[in-house]
Amino acid sequence: MKSFAMDKESGKPGLASTLLQHRIGPLPVPVFLVLAAITVLAAMNRKLPNDMIGGFAVLMLLGFLLGEVGARIPLLRHIGGSAILCLFVPSALIGYDLLHADMLKALTTTMKTANLQYFYIACLVAGSILGMNHRVLVQGFTRMFLPLLVGTIAAVAVGVLVGLAFGYSPMHTFFFIIVPIVGGGIGEGILPLSIGYSEILGRSQDGLIAMMVPAALVGNVVAILCSGILTWLGEKRPGISGNGVLVRGGDDQALLRNEHLDAPLNLSLMGAGLLISCAFFILGSLLSLYTGIPGPILMIVAAALLKVCRVVPPAMELGAYQMYKFVSGNLTFAILVGLGALFVSWKDLAHAFSLAYVAICASAVVALVLSGYLVGKWLNMYPVESAIVTACHSGLGGTGDVAILSAANRMGLMPFAQISTRIGGALMVVLATLLMKYLQ
């Protein structure tokens, strides 16, 4: 008789062993199916907790599943498929009333009552900025400042002009299309932006997110396509490509070393990092009372200033960084599912993707990338690498950076890409929010 776990005649793994080797997110397939069955049965019998326990179960199961599917679909996986599915599918499920009511209640409680997305923002902002190599932050930003500045100005100018040609007002094009593209992604860009815009304009955060998410998605896809084209161009003309090296004759490898990557996991420091992340968010809320600037924006400013001034002890920075890695690695797809379900209207999302809208997004990103190429060449950088790193300014955060650099086979540029995405994005979020407040 053949074993269920192992075929004795052939010596090949049986069905159980095969299933255990395949995973959905971090979970083996059988474990995922058991957990999903428990959650669905609880919802059907009205026993799913209407709190963070039930909400986490729904969000993480859907996030792991959609993230895995998006990473496996040909072509889609190369343009940020996991993020796209995590946003679009839950939005469609709600739009067509296909999600069980108890699941929706638990999900709503977790996202809107418990404000899980605020916790996520706090961990991402504090950990990603404090965890950066100080030398990379200072010298990397110094190298990338001019390409990012010129590229951003070009993206705004070209995007606004194309928007005018299609009947969009400059204000709408800038605040709701271009800024979301160059704001650093959804978690670190659109979420803080939507909170700031909501406080300033007195409008629903839901509607604002629905307006901005499509721009970030389209911008990310165009940036990935540009990265692929640049790689092809570098292969045709080797003189303009450094094959992963940014500066001609530069000591990139010494600059890119990050001591946090090699540090062992420290659970007690992660606890400290969690508290520090929460404290940064609270500090932003406190300072907003005296400045009138939205708290999440001040949180970004405070984290960057403290990092540059080296005020936070290195051990605490490590704790915040490791907490950021845990949260971003395990909750990103879950947060995107929650955003898609509750903050992104399926009807509004479907209407957003017009020819004019895509043209504005694409023209802005192409202008950004082309400027990075030309300025990099002028600054004695390899133009291909300079343009690719600049393209990351229009990526979907860390996920977008991975997709863009993977398309170019230049993952070694990730620290520079993080400068472009995190610091460049944070500056755009702060600037846009201040401009919005001034113009209102």
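Residue numbers run consecutively from 1 along every chain, following the written order of its sequence. Since the coordinates come from a predicted model, pLDDT governs what is reported: local features require at least 70, and pairs of side-chain atoms require 80 or more to be given and counted, while whole-chain, interface and lining totals use all residues. Hydrogens and water molecules were not included; the side-chain quantities draw on all heavy atoms of the structure.

1. A look at the side chain of Thr-152
So the rule is basically this: Labels follow the DSSP assignment, with helices taken as runs of H or I lasting at least four residues and strands as runs of E lasting at least two, numbered in each case from the N terminus. To sort residues, take the accessible area from a 1.4 Å probe on protein chains only and compare it with the maximum for the residue type: under 20% means buried, over 50% means exposed, and anything in between is partly exposed. Identification of polar contacts relies on pairs of N or O atoms within 3.5 Å, with a donor-acceptor requirement for protein atoms, meaning one able to donate a hydrogen and the other able to accept it, and with residues adjacent in sequence counted only if both atoms are side-chain atoms. In this description, contact between two residues means that some pair of their heavy atoms is separated by no more than 4.5 Å.
By the secondary structure assignment, Thr-152 is in helix α7 (residues 134–165). The class for Thr-152 is buried, based on a relative accessible area of 12%. At 3.2 Å, the side chain of Thr-152 forms a polar contact with the side chain of His-393. Here Thr-152 is in contact with Leu-368, His-393 and Met-428, once residues within four sequence places are set aside.

2. Here we look at the environment of Ile-121
Examined against the element boundaries, Ile-121 turns out to sit in helix α6 (residues 116–130). Put simply, Ile-121 and Leu-201 are 80 residues apart on the chain and 21 Å apart in space, counted from C-alpha to C-alpha. The residues touching Ile-121, leaving out its near neighbours within four places in the chain, are Gly-187, Leu-191, Pro-192, Ile-195 and Met-299.

3. Quick look at the side chain of Thr-433
Here Thr-433 lies in helix α20 (residues 414–439). Excluding residues that lie within four positions of it along the chain, Thr-433 makes contacts with Leu-193, Gly-196, Ile-200, Pro-294 and Ile-297.

4. Here we look at the packing of aromatic side chains
Rules: Between 30 and 60 degrees the pair is tilted, below 30 it is stacked and above 60 it is edge-to-face, where a pair is any two Phe, Tyr or Trp rings, Trp via its six-membered ring, whose centres lie within 6.5 Å.
A full pass over the atoms with the stated rule returns six aromatic pairs. Ring centres of Phe-175 and Tyr-197 lie 6.1 Å apart, and the angle between their planes is 80°; this geometry places the pair in the edge-to-face category. Of this pair, Phe-175 sits in helix α8 (residues 170–182) while Tyr-197 sits in helix α9 (residues 186–201), placing them 22 residues apart in sequence. The class for Tyr-197 is buried, based on a relative accessible area of 0%. Ring geometry for Tyr-321 versus Tyr-324: centroids 6.0 Å apart, planes at 50°, classification tilted. On the criterion of helical spacing, the pair formed by Tyr-321 and Tyr-324 is a turn pair, its members being three residues apart in helix α15 (residues 314–342).

5. Focus: a nonpolar patch on the surface
The cut-off we apply is this: Patch construction takes residues with relative accessible area above 30% that form no salt bridge. Like charges are linked within 9 Å, and nonpolar side chains (Val, Leu, Ile, Met, Phe, Trp, Tyr) are linked within 5 Å. Here, Shrake-Rupley sampling with a 1.4 Å probe gives the accessible areas, and only protein chains in the shown set may cover a residue. By definition, a salt bridge exists where a carboxyl oxygen of Asp or Glu is found within 4 Å of a side-chain nitrogen of Lys or Arg.
Judged by side-chain polarity, Met-171, Leu-431, Leu-435, Tyr-438 and Leu-439 come together as a nonpolar surface patch covering roughly 500 Å² of accessible area. Among the elements that line the nonpolar patch, the one with the most residues is α20, at four residues. Mapped onto the elements of the fold, Tyr-438 is located in helix α20. Residue class for Tyr-438 comes out exposed when judged on its relative accessible area of 69%.

6. Quick word on the state of the cysteines
What makes a disulfide is a covalent bond joining the sulfur atoms belonging to two cysteines. Let me state the cut-off plainly: Criterion for a disulfide: a pair of cysteine sulfur atoms at a distance within 2.5 Å.
Under the definition given, this model contains zero disulfides. Not engaged in a disulfide, the cysteine Cys-86 finds its nearest cysteine sulfur in Cys-123; these two sulfurs lie 19 Å apart. Residue Cys-86 is classed as buried on the basis of its relative accessible area of 0%. Here Cys-361 is not disulfide-linked; the sulfur of Cys-226 is the nearest cysteine sulfur, at 13 Å. For Cys-361, a relative accessible area of 0% gives the class buried.

7. Here we look at the pattern of salt bridges
Here the structure, examined in full by the defined rule, presents three salt bridges. With a closest N to O distance of 3.6 Å, Arg-46 and Asp-102 form a salt bridge. Of this pair, Arg-46 sits in the loop between α2 (29–44) and α3 (52–72) while Asp-102 sits in helix α5 (residues 101–113), placing them 56 residues apart in sequence. On the basis of relative accessible area, Arg-46 is assigned to the exposed category, the value being 58%. With its nearest N and O atoms 3.1 Å apart, the salt bridge here joins Glu-317 to Lys-307. Taken as a pair, Glu-317 in helix α15 and Lys-307 in helix α14 (residues 295–308) lie far apart in primary sequence, ten residues in all. Lys-307 matches Glu-317 in its accessibility class, with the two residues each being buried.

8. Overview of the confidence of the model for the protein chain
To keep it simple, the criterion reads: The predictor rates its confidence in each residue with pLDDT, a number between 0 and 100.
With 90% of its residues at a pLDDT of at least 70, the protein chain reaches an overall mean of 84. Across the protein chain, α2 holds the top mean pLDDT of 95, while helix α11 (residues 252–256) sits lowest at 55. Within the model, pLDDT remains below 50 along residues 1–5, and this stretch shows eleven contacts once partners closer than five positions in the same chain are excluded.

9. As for the packing of α8 against helix α17 (residues 355–378)
As a reminder, the rule being used: For helices, the fitted line uses only the C-alpha atoms of the stretch in contact; every axis is such a line through C-alpha atoms, and the angle between N-to-C directions lies from 0 to 180 degrees. Any angle between 65 and 115 degrees counts as roughly perpendicular, while under 35 counts as roughly parallel, over 145 as roughly antiparallel, and the rest as oblique. Take the far helix as the reference: if the near one is turned anticlockwise from it by less than a right angle, the crossing is left-handed, and if turned clockwise, right-handed. Polar here means any residue other than Ala, Val, Leu, Ile, Met, Phe, Trp, Tyr, Cys and Pro, which are nonpolar, and Asp, Glu, Lys and Arg, which are charged; Gly is therefore polar.
It is at 10 Å that the axes of α8 and α17 come closest, and there the two elements cross at 50°. In this view, α8 runs oblique relative to α17, as classed from their interaxial angle. The element α8 and its partner α17 pack so that their crossing is right-handed. Of the residues in α17, those in contact with Thr-173, Phe-176, Ile-177, Ile-178, Ile-181 and Val-182 of α8 are Tyr-357, Ile-360, Cys-361, Ala-364, Val-365 and Leu-368. In terms of residue class, the contact of α8 with α17 is made up of eleven nonpolar, one polar and no charged.

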